[in-house]
Amino acid sequence: AMHRVLADLTAAFNRQHPGVLFVIRGGGSTIGEDLVRSREVDLGASTLFPPQQQAGGSAPTAPTAADPLVRVPIGLDGLAVVVHPSNSIAGLSLVQLRDIFAGRLLDWQGLGSDAGEIQLVSREDGSGSRILFETRVMGDERVALTAVVMPTSQDVVEYVAKNPQAIGYVSRAEVAEWIPEDDSPAASAAAPASGAAPRVKVLPVEGRLPTLATVRSQEYALTEPLYLISYGQPTGRIRQFIDFVLSPAGQAIA
């Protein structure tokens, strides 16, 4: 979920500090936190809420003996629900999403579309996006075993773009160019602001699209935090980079 924003932030930081080398790799929030905890990486990226902090918290967490990680919130993301552009469905409720991913709704015709049998696309175990989806949407129920599991948001977009019956969930960063900033029903049905033909269709959830406005206000149901994570209090170049991310220039990029 954070790969794109980190690529842009590190590129901007490098223009001021060309001697700093960044290596960015994905793999999910849980893996990122584990690699920081084992001191294998300098910074982790995560969308997992800290155990001791409520949703929407905006202050960095302090390290403790039990948990030495410092989590610095740098922004918010929306988990976008995506289908193939040919799918005529106009939107879903959280209950409908749960019924789809639990395997109780098996065909798009039951939702007013003619796309055929529903193909579920989920993320791998340990993904922050998957944890948010299972917490907010599935509750105590499990995603059906028929779901195709993908390692990244980019892979979910690729799969859904090629399969007219598919439905998945991704970071809004992967599909932002195809989300109209006016999330009214009329705007949702219109062509995206970029003018480019969308590779996937972003569905309103509970009548809302993950626009900048609905994510910022947390009116969108599937909003998640973005954290940079260090082992203990960050120092040196790590501190300098985090300070840049939190500066007006860094926040404009985020």
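Refer to the preceding data block for the structure.
Everything numeric in this text was worked out from a predicted model, so none of it was measured. Counting starts from 1 at the beginning of each chain's written sequence and moves along it residue by residue. Side-chain atom pairs in this predicted model are given and counted only at pLDDT of 80 or more, local residue features only at pLDDT of at least 70, and totals for whole chains, interfaces and linings cover all residues. Where side-chain values are given, they derive from all heavy atoms of the structure, hydrogens and water being excluded.

1. Regarding the overall build of the protein
Thought 1: In DSSP terms, a helix is any run of H or I states spanning at least four residues, a strand is any run of E spanning at least two, and both are numbered starting from the N terminus. If you tally the helices and strands in the protein, you get 9 helices and 7 strands.
Thought 2: Only C-alpha atoms enter the radius of gyration, while the globule expectation follows 2.2 Å times N to the 0.38, with N the number of residues. On C-alpha atoms alone, the protein measures out to a radius of gyration of 19 Å, which is about the 18 Å that the 2.2 N^0.38 rule sets for 254 residues.
Thought 3: Principal-axis analysis of the C-alpha atoms gives the protein an extent of 55 × 40 × 30 Å.
Thought 4: The contact definition used throughout considers only heavy atoms, calling two residues in contact when any of these lie within 4.5 Å. Taking as baseline every contact in the protein between residues at least 6 positions apart, the subset at least 24 positions apart corresponds to 72%.
Thought 5: Accessible surface is estimated by sampling points in the Shrake-Rupley manner with a 1.4 Å probe; for residues, cover comes only from the protein chains shown. As displayed, the protein has an accessible area near 12100 Å², and 53% of this comes from carbon and sulfur atoms.
Thought 6: Here the protein holds 20 positive side-chain charges and 27 negative ones, and the gap between their average locations is 5 Å. Charge convention: Lys and Arg are scored as positive, Asp and Glu as negative, and His as well as the terminal groups of each chain are ignored. Just so you know, the charge point we use is NZ for Lys, CZ for Arg, CG for Asp and CD for Glu.

2. Considerations on the packing of aromatic side chains
Thought 1: Whether two aromatic rings pair depends on their centres lying within 6.5 Å, for rings of Phe, Tyr and Trp, where Trp uses its six-membered ring; planes under 30 degrees apart make the pair stacked, over 60 edge-to-face, and the rest tilted. Under the criterion given, the structure shown has 7 aromatic pairs.
Thought 2: Grouped by ring-pair contacts, the aromatic residues F13, F22, F241 and F244 constitute a single cluster.
Thought 3: R39 extends its terminal NZ or CZ atom over the ring of Y231, reaching a point 4.1 Å from the ring centre. Ring-over charges, as used throughout, are those where CZ of Arg or NZ of Lys falls within 6 Å of the ring centre and within 35 degrees of the ring normal.

3. Some thoughts on the pairing of strand β7 (residues 223-231)
Thought 1: β7 sits mainly inside the fold: 8 of its 9 residues count as buried.
Thought 2: Relative to β7, strand β2 (residues 69-83) runs antiparallel, the two being bridged by 9 bridges. Of the residues in β7, the one forming a bridge with L69 is Y231. Remark: exposure states derive from per-residue accessible area (1.4 Å probe, protein chains only) relative to the maximum for the residue type, with buried under 20%, exposed over 50%, and partly exposed in between. If DSSP finds at least two bridges between two strands, the strands pair.

4. Notes on helix α4 (residues 128-138)
Thought 1: Residues of α4 that are buried include every one of G128, S129, R130, L132, F133, V137 and M138, and no others.
Thought 2: Sitting at the amino-terminal end of α4 is S127, which places a side-chain oxygen 3.2 Å from the backbone nitrogen of S129.
Thought 3: Downstream of α4 by a residue or two, G139 has a phi angle that is positive, lying close to 65°. Whenever two N or O atoms come within 3.5 Å, that pair is a polar contact, provided that in protein one can donate a hydrogen and the other can accept it, and provided that, for residues adjacent in sequence, both atoms are side-chain atoms.

5. Let's talk about the environment of E177
Thought 1: Turning to its location among the elements, E177 is positioned in the loop between β5 (166-171) and α6 (185-188).
Thought 2: A relative accessible area of 42% places E177 in the partly exposed class.

6. Some points on helix α8 (residues 236-246)
Thought 1: Every buried residue belonging to α8 is among F241, I242, F244 and V245, and all of these are buried. Summarising the axial view, the buried residues of α8 lie within an arc of 155°, below the 170-degree limit, and thus occupy one face.
Thought 2: Elements in contact with the buried residues of α8: α1 (3-16), β2, β7 and α9 (248-253). Summarising the geometry, the arc corresponds to the directions from the helix axis toward the C-beta atoms.

7. A word on the side chain of D99
Thought 1: Along the chain, D99 falls in helix α3 (residues 94-101).
Thought 2: In this structure the side chain of D99 is engaged in a polar contact, spanning 2.6 Å, whose partner is the side chain of R104.
Thought 3: Residues within four places of D99 in sequence aside, it is in contact with R104 and L105.

8. Examining the packing of α3 against α4
Thought 1: Here an angle of 0 to 180 degrees is reported between the N-to-C directions of two axes, which are lines fitted to C-alpha atoms, with helices fitted over the stretch in contact. Where α3 meets α4, the closest approach of the two axes is 9 Å, and the angle between their N-to-C directions is 115°. When the axes of α3 and α4 are compared, the pair comes out roughly perpendicular. Seen from α3, the contacting residues are L94, L97, R98 and F101; seen from α4, they are F133, V137 and M138.
Thought 2: Gly falls in the polar group here, along with every residue not listed as nonpolar (Ala, Val, Leu, Ile, Met, Phe, Trp, Tyr, Cys, Pro) or charged (Asp, Glu, Lys, Arg). Here the residues of the contact of α3 with α4 sort into 6 nonpolar, no polar and 1 charged. Angle categories are assigned with fixed cut-offs, so that under 35 degrees is roughly parallel, over 145 is roughly antiparallel, 65 to 115 is roughly perpendicular, and the rest are oblique.

9. Regarding the environment of R123
Thought 1: Considering the arrangement of structural elements, one finds R123 in strand β3 (residues 119-123).
Thought 2: Classification of R123 as buried rests on a relative accessible area of 4%.
Thought 3: The spacing of R123 and R37 is 86 residues in sequence and 23 Å in space, taken between C-alpha atoms.
Thought 4: Filtering out sequence-adjacent residues up to four positions away, R123 remains in contact with S129, R130, V149, M150, P151, T152, S153, V156 and Y169.

10. Looking at the pattern of salt bridges
Thought 1: By definition, a salt bridge exists where a carboxyl oxygen of Asp or Glu is found within 4 Å of a side-chain nitrogen of Lys or Arg. Under the counting rule described, the total for this entry stands at 13 salt bridges.
Thought 2: One salt bridge in this structure joins R71 and E33, with 3.3 Å as the shortest N-O distance. Here the residue R71 occupies a position in strand β2, and E33 occupies one in helix α2 (residues 29-37), the gap between them amounting to 38 residues. Accessibility classification places R71 together with E33 in one group, the buried group.
Thought 3: The shortest N-O distance in the salt bridge between D67 and R37 comes to 3.7 Å. A residue pair is termed long-range when its members are at least 10 positions apart, and D67 in the loop between β1 (44-46) and β2 and R37 in helix α2 qualify at 30 residues.
Thought 4: Judged by relative accessible area, D67 falls into the buried class, the value being 14%.
Thought 5: Residue classification places R37 among the partly exposed positions, given a relative accessible area of 35%.
Thought 6: Where salt bridges share partners, they join E33, D34, R37, D67 and R71 into one cluster.

Just geometry here; none of it tells us what the structure is for.
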